Each structure stands twice: as structure tokens, then as C-alpha cells.
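Structure assessment
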Amino acid sequence: MKGKKDVYTASLGLVGAAIGLGNLWRFPYMVGKNGGGAFLIVYISFVVLLGVPLMLGEFILGRSSHNSIVGAFKRFTPGTPWYLAGGLGILTSSLILSFYGVVGGWSLKFFYLSSTNAFLGKNSQELGDIFNKFISSPVDPIFWQVLFMLITALVLISKIEGSMEKITKIMMPMLFLIIMVLCMKALVLPEIGNGMAFFLKPDFSKITAGGIQAAMGQAFFSLSIGMGVLITYGSFMKSDENLLISTLHVIGTDTLVAFLIGVIVFPVAFTYGIEPGSGPGLVFTALSSLFNDIPGGYGLGVMFFLLLFLAALTTAISLLESVVTCLTNQCKLSRNTSVFTAMVLITILGAVTSLSLGIWRDTNLFYILDYVTVDVFLPIIAMLISLYLGYVLELKVMEEEMANDGVKFKYTKILQNMLKFVCPVIIGSVLLIGLILN
Ligand code: PHE
């Protein structure tokens, strides 16, 4: 019989890959930019309606094919162009990792700055200036980005990749602990009322078609849907692992972390006079302002930025791993060559996106890449995966994967219909309206 512990360990690695900059950095920045509470409600609706069936679907594809995204399509439908959707998934992972590495570098830099007490005595205006000056500099952010990417690649080629699970095991409870402490601090801030109202009180007049599209992209991004990363994880899952429980565990934890970060960031932003829509620096500026102002702030700050870095690292590893697995399997390159090639190309592109926040500002590349990958490519691939599971994959395969201990899962047909009709229609219409009106 399978012990509870195995299930816990299997989905723990997944939680580590899912929780990252998407929850801690991008979520509050998107909520702030897209009007607050209304965005939150639309986001949660997408997580439930699209996230649950699609995550289950990716696990089913992975576990039944014992393969990564490209291999899964090739295995079930050989000789058809479906595997190209897998190729798009791998391309998207690489493009996402290019700017992910840049922000991962910011987390390292802020870990360094907070541990050297560089924020001491600065107000939120000055902290915002430090952040903006840093990300727009031509050298400094690239140095930290390269360092971040090197660490990611080193983990992949060294033998310590397996130990990352241990790091995740320590990291997750610590992250929860620090989030709880920060929530308690946030709850006693003078502007808690306005901050919470912004985050929780929906004002639907503030949300646009672009905002709805952004909420869908953020849901996919945060849950790691639409790149095949979950298919790869599915292929490692044991045959007796309950897919529904793992899905609900990952989605529940991921959404809870994002929500709690919002509970912290918005009261802090309102208290320290930081504009919620101020952009990608929101979490960095808001939290360093808080750490400067509270007793024990130094220790909390160092811990927070260290955990931010580790959460980014565990996720970057899963992104690079899926690119590397594809290169080794499909292009027959050795593992080290694959890691090196992928890392160098992705880092170069990342450095260019970093420059687009400074000297190459006119190109807007950072924001364009973020938009195209998260708000356009992820939904397109998610829709293809959904159609594949709904129309191409035999219901029998789905039934086999969803059954537990020989007991049939009663709702497989509903799941198939969700993937056949509900998901493609929602994704298609949100994407189309977003693209037309944007
Ligand atoms: N879910 C990750 C995060 O929240 C990002 C990610 C997306 C990771 C897709 C892997 C695949 O940071």
C-alpha cells in the first residue's frame, strides 16, 4: 500500500516547481496593474475552471505516455504534426526562462543588498529609485542574471539535482512561516483598510479585456500549465498516485501563496505610498520598505529575499530541465552539451531583455516577451493540449489514469467534456477578444 508520505513527496517537488516568481513577484504586480479585486476574482475563476482540468490533463498525458511533451504527442499520434505543439511548449519554456532569469537575478541582488544592510534608513521613494536605477543599468542586472543562470545550470549538471527536493522540503515550510509573519505585520499597518479594499473589493469597471487576458495568462503561468513541464512531472508519477489529489494539492497551495502575498503587498504599498500599479518593482520596493520599518526587519528581509531566490531557482531548474530533456531526447545531444547550449542561448536572450529596461528601452522587449509568452503562447498551447485530450486521446486512457486502486473515477466523462468544450471555448474567446481589443 502506498503511504501518505510518498504522495506528499511526489507532489512536493511539483509544488516547488509551481511556486516561484509567478506567485511572489508577478501576481501582485499583475493585480496592481489591472485594478485589484476584480482581477483577483477573474484569476481565481480561471484557476478553477481551466487550471483543474488542464493540470489533470497534462498529468494524464505524461503518466500514460511516460514521456515529455514532444514524446507524448509522438507516442500517441505518430506521424501527425501534433508534436509541433510540444515544440511550441519547449520554445515557450526557453523564452520564459530568458526573462525569468533576469528577475531571478534581481532576487539575488536584493538578497545581497538586504544582507549588507544597504537599505537601512531609506524611505520607499529612495528604495524605488534604487530598484529602478538597478534594473535600468546596463551591467549590474546582467551580472546577477548570469550568476542566477549559472547556478541553475550547475544544479542540472551536478549530482545535486536530487538534493533539490531536500531544499524544497526545507524551503516550503520556511516560506509559509515567513509569509505568515509578514501577514501578521501587514494586518496591523495603518493602511490595512485601503490595501485590503484594493485587493479584495472588486470594481469591475476597472478591468479591461486585456486585464481578463492577463488574468488567464497569470493563472497558466503560476500553475505552470501550457509548457509541458507538468507532462514531464506526470511521467515521473507512480501509477498508484491519485492524480486528482495531487492536482488539488498543487493548485490549492499555489493559489494560497499568491493570495497571501497579495494580503501582504497591498497594505504595505498603501502604507508606504507606493503606487500598486507601479510595475515589476512592486514586491521588491514594498517589502524592503516594510523591512526597514519594523523590528527584526533585517533578519526578515534577508530571509525573504533568500527564499524568493530559492523559489525562483527551483522553478528555473524545472524550466531548464524540460528544455534540456527535449534537446537530449530529440536532438540526441549529450546532457552536458544540452545544458550548456540551452543555458548560453537563453542567457543571451535574457541579457537583451534586461537591456530593454534601460538603454534599449524603446524596444520594450521585456514586456513584449512577457506578454507574448504568458498571455498568448501559454493559452494557445493550453488550448491545443485541451483539444488533444478532448478529441484525440482515447477516453480509455483517461479512465485508466483517473481510476484509483481499481475503482473507476465517476467524473471522467465530465472531465473529457470540460477539455472538449469548456476550456477551448473560454480560452479561445478570452484570447481573441484580448488580442482584438488590445
Ligand atoms: N509556475 C512558475 C512560477 O510561478 C513559473 C513556471 C511556468 C514554471 C511554467 C514552469 C513552467 O514561478
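Because the structure is predicted, anything quoted here is derived from the model rather than measured.

This brings us to the overall build of the protein. Tallying secondary structure elements over the protein gives 18 helices and 0 strands in all. Relative to a compact globule of 438 residues, whose C-alpha radius of gyration would be 22 Å, the protein shows 21 Å and is just as compact. Seen through its principal axes, the protein has C-alpha atoms that stretch 65 × 50 × 50 Å. Here the protein holds 438 residues, and 58% of them are scored as buried. A sequence separation of at least 24 residues applies to 83% of the contacts in the protein between residues at least 6 apart. Summed over its atoms, the accessible surface of the protein is roughly 17200 Å², and 68% of this surface lies on carbon and sulfur atoms. The averaged location of the 23 negative side-chain charges in the protein is 5 Å from the averaged location of its 26 positive side-chain charges.

As a further point, take the environment of Gln145. Topologically, Gln145 is positioned in helix H7 (residues 140-157). Residues Gln145 and Phe76, 69 residues apart in the sequence, show an inter-C-alpha distance of 39 Å.

As a further point, take helix H3 (residues 37-65). Counted at 1.5 Å a residue, the expected span for H3 with its 29 residues is 42 Å, and the 40 Å between its end C-alpha atoms agrees. A bend of about 40 degrees at Gly51 is the largest found in H3, and the proline Pro53 appears one to four places after it.

A few words now on the packing of aromatic side chains. One pass over the full model with this rule turns up 31 aromatic pairs. With a centroid separation of 6.4 Å and an interplanar angle of 85 degrees, the aromatic rings of Trp25 and Trp106 are classed as edge-to-face. Placement of the pair is Trp25 in helix H2 (residues 21-33) and Trp106 in helix H5 (residues 83-115), with a sequence separation of 81 residues. For the pair Trp25 and Trp106, one class covers both residues: buried. Centre to centre, the rings of Tyr391 and Phe421 are 6.4 Å apart; their planes meet at 90 degrees, and the pair counts as edge-to-face. Placement of the pair is Tyr391 in helix H16 (residues 365-392) and Phe421 in helix H18 (residues 412-437), with a sequence separation of 30 residues. A cation over a ring is seen here: Arg26 above Phe221, with NZ or CZ 5.4 Å from the ring centre. Arg75 extends its terminal NZ or CZ atom over the ring of Phe76, reaching a point 6.0 Å from the ring centre.

Per the counting criterion, the structure on display carries 5 salt bridges. Residue Glu394 pairs with Lys396 through a salt bridge whose shortest N-O separation is 3.7 Å.

Across the interface, H7 lies against helix H15 (residues 335-355) with an axial gap of 10 Å and an inter-helix angle of 160 degrees. By the criterion of interaxial angle, the relationship of H7 to H15 is roughly antiparallel. Pair H7 / H15 crosses with right-handed handedness. On H15, the residues that touch Pro141, Ile142, Gln145, Val146, Met149, Leu150, Ala153, Leu156 and Ile157 of H7 are Arg335, Asn336, Val339, Met343, Ile346, Thr347, Gly350, Ala351, Ser354 and Leu355. For the contact of H7 with H15, the residue count by class is 13 nonpolar, 5 polar and 1 charged.

With 97% of its residues at a pLDDT of at least 70, the protein reaches an overall mean of 94. At the low end of the mean pLDDT range in the protein sits helix H1 (residues 4-18), at 65; at the high end sits helix H9 (residues 192-200), at 98. Taken together, the stretch residues 1-8 has pLDDT below 50 and engages in 7 contacts with residues farther than four places along the chain or on a different chain.

On to empty space enclosed by the protein, then. In the structure shown here, the tally under the stated rule is 1 cavity of 30 Å³ or more. Approximately 120 Å³ is the volume attributed to the largest cavity. For the largest cavity, the full set of lining residues is Ala17, Ala18, Gly22, Ile96, Tyr100, Phe221, Ser224, Met227, Val229, Thr315, Ser318 and Leu319. Elements represented by at least two residues in the lining of the largest cavity include exactly H1, H5 and helix H14 (297-330). The element that contributes the greatest number of residues to the lining of the largest cavity is H14, accounting for 3 residues. The class makeup of the residues in the lining of the largest cavity is 8 nonpolar, 4 polar and no charged.

Criteria and thresholds
The residue numbers shown here count from 1 along each chain, following its written sequence. For a predicted model such as this one, the threshold for reporting local features is a pLDDT of at least 70, and the threshold for listing and counting side-chain atom pairs is 80 or more; totals across whole chains, interfaces and linings nevertheless cover every residue. Heavy atoms throughout the structure, all of them, feed into the side-chain values; hydrogens and water do not. Under the DSSP-based scheme used, a helix requires at least four consecutive residues in state H or I and a strand at least two consecutive residues in state E, with every element numbered from the N terminus. Radius of gyration: C-alpha atoms only; globule rule: 2.2 Å multiplied by the number of residues to the exponent 0.38. Only protein chains enter the calculation, and the probe is 1.4 Å; a residue is then buried if its accessible area is under 20% of its type maximum, exposed if over 50%, and partly exposed in between. Working rule for contacts: check all heavy atoms of both residues, and any pair within 4.5 Å makes them a contact. Exposure was quantified through the Shrake-Rupley algorithm and a 1.4 Å probe, taking into account, for residues, occlusion by the shown protein chains and nothing else. Charge counting treats Lys and Arg as positive and Asp and Glu as negative, with His and both chain ends excluded. For charged residues, the charge sits on one atom: NZ in Lys, CZ in Arg, CG in Asp, CD in Glu. One fewer than the residue count of a helix, multiplied by 1.5 Å, yields its expected span. The reported bend at a residue is simply the angle between two axes, fitted to the 7 residues ending at it and to the 7 residues beginning with it. In this scheme Phe, Tyr and Trp rings, the latter by its six-membered ring, pair at centre separations within 6.5 Å, and the angle between planes marks the pair as stacked below 30 degrees, edge-to-face above 60, and tilted otherwise. By definition, being over a ring means that NZ of Lys or CZ of Arg is both within 6 Å of the ring centre and within 35 degrees of the ring normal. Salt bridges are counted wherever a side-chain nitrogen of Lys or Arg sits within 4 Å of a carboxyl oxygen of Asp or Glu. Every angle, taken between N-to-C directions, lies between 0 and 180 degrees, and every axis is a line fitted to C-alpha atoms, over only the stretch in contact when it is a helix. Put simply, angles under 35 degrees are roughly parallel, angles over 145 are roughly antiparallel, angles from 65 to 115 are roughly perpendicular, and the rest are oblique. Helix crossings fall into two classes, left-handed where the near helix is turned counterclockwise from the far one by less than a right angle and right-handed where it is turned clockwise. Polarity classes work like this: nonpolar for Ala, Val, Leu, Ile, Met, Phe, Trp, Tyr, Cys and Pro, charged for Asp, Glu, Lys and Arg, and polar for all others, with Gly in that last group. In predicted models, pLDDT denotes the confidence assigned by the predictor to each residue on a 0 to 100 scale. The way it works is a 1 Å grid over only the protein atoms, where trapped points that fit a 1.4 Å probe form a cavity and open points with protein on both sides within 12 Å along at least five of seven lines form a pocket, and then any residue with an atom within 4 Å of a point lines it. Grid points are joined across faces, edges and corners, and a volume is the space filled by probe spheres set on the points.

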